[in-house]
Amino acid sequence: MTPISQNKIFGGTQSVYSHRSDANDCDMRVAVYLPPQALGDNPAPCPAVVWLSGLTCTEENFTVKAGAQRVASELGIILIAPDTSPRGDDVPDDKNSYDFGKGAGFYLDATQEPWANNYQMQTYIRDELTVWMLANFPIDKNRIGISGHSMGGHGAITLHLKNPDLYKACTAFAPITSPSQVPWGKKAFKGYLGDNENDWAKYDATELVRRPSKANILIDQGTDDNFLAEHLRPEIFVDACKKSGQATTLRMQEGYDHSYYFIATFIEDHLRWHLDGLG
């Protein structure tokens, strides 16, 4: 891995690295926060939370805006925040769309051209990133959670439901929970996966929750989120959870929007939720 930056904060270190992804056929950037408990010559393995950001974001948004390092330092949690999508001059993009292409990988494995060679974000997050972070940092492999915002909330829930033995705890802020039924998801799924909606179901949390996990999934959603009614629709997912028996806690937060002000307000709750869920 190639170090890009490192800063001390709350007794720990906030770093950004670049490493090669074979799945995405490009270099990927990852932000890593190591709390004081993870530093020193012989640190004990720490729990970790993987954070997946939303549309248009990079690894920097969460690192700079969420204010997660203070409580992560207190709780001894390592934070792993990868970029949202493949990057580079040779990676295809849709420059006319903010919600497709670079910055909008949707944490799936694309099958359609010209996206299939680079947009393998599910494989990257689940396989490559996991191997990379376990090899380089003192992480307890049995205590990993996953969280995210918006498009990243979609990724967090789907990756948890498909890999409950890897990601044992899951939370999300304003997630896209039923992508097959909303414009953001339909556009991305058709472009990356094609017209067969059976292929879409593999990345739709509302479909995947038919096989529930043992975790209690925490979802925070702002009532003043301008994307709530058209793109997010958490009530569809919650109804599916009730039918399958999936434990889910949906908190509708009065007056909050879709921004990182919202995330910064409740990130401490989410990290403590992860620590409780990871034991």
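Residues numbered from 1 in each chain as written. Predicted model: local features only at pLDDT ≥ 70, side-chain atom pairs only at ≥ 80, totals over all residues. Heavy atoms only, no water.

Colleague: Tell me about the sheet that holds strand S7 (residues 169–173), and name the residues and values.
Modeller: Strands sit in the order S1-S2-S3-S5-S4-S6-S7-S8-S9 across an open sheet of nine strands; the sheet is mixed. The open sheet has two free edges, formed respectively by strand S1 (2–9) and strand S9 (248–253), since each of these has just one partner strand. Between one strand axis and the next, the sheet turns by 20° as a mean value, whatever way the strands run. Pairing analysis gives nine bridges linking strand S2 (residues 12–21) to strand S3 (residues 26–34), with the strands arranged antiparallel. Across the sheet, residue Tyr-17 finds its bridge partner in S3, namely Val-30. Contacts from helix H4 (residues 151–162) reach strand S4 (46–52), strand S6 (139–148), S7 and strand S8 (217–222), with the element oriented near 140° to S6. (Pairing = 2+ DSSP bridges. Helix = DSSP H or I, 4+ residues; strand = E, 2+ residues; numbered from the N terminus. Axes fitted to C-alpha atoms, helices over the stretch in contact; angles between N-to-C directions. Contact = heavy atoms within 4.5 Å.)

Colleague: With reference to specific residues and values, describe unusual backbone geometry.
Modeller: The omega torsion of the bond from Glu-113 to Pro-114 falls at 5°, within 30 degrees of zero and hence cis. Here Pro-114 is to be found in the loop between strand S5 (78–82) and helix H3 (121–136). One non-glycine residue with positive phi stands out, namely Ala-174, at about 45°. Locating Ala-174 in the fold gives a position in the loop between S7 and helix H5 (183–193).

Colleague: Lay out the layout of surface pockets in plain terms, naming residues and giving numbers.
Modeller: Of the volumes computed, that of the largest pocket is approximately 160 Å³. Around the largest pocket, the lining residues are Gly-54, Leu-55, Thr-56, Cys-57, Asn-61, Tyr-98, His-149, Ser-150, Trp-184, Phe-227, His-258 and Tyr-260. Tallied by class, residues from the lining of the largest pocket come to six nonpolar, six polar and no charged. (1 Å grid on protein atoms, 1.4 Å probe; cavity = no way out; pocket = protein on both sides within 12 Å on 5 of 7 lines; lining within 4 Å. Points joined across faces, edges and corners; volume = space filled by probe spheres on them. Nonpolar A, V, L, I, M, F, W, Y, C, P; charged D, E, K, R; others polar.)

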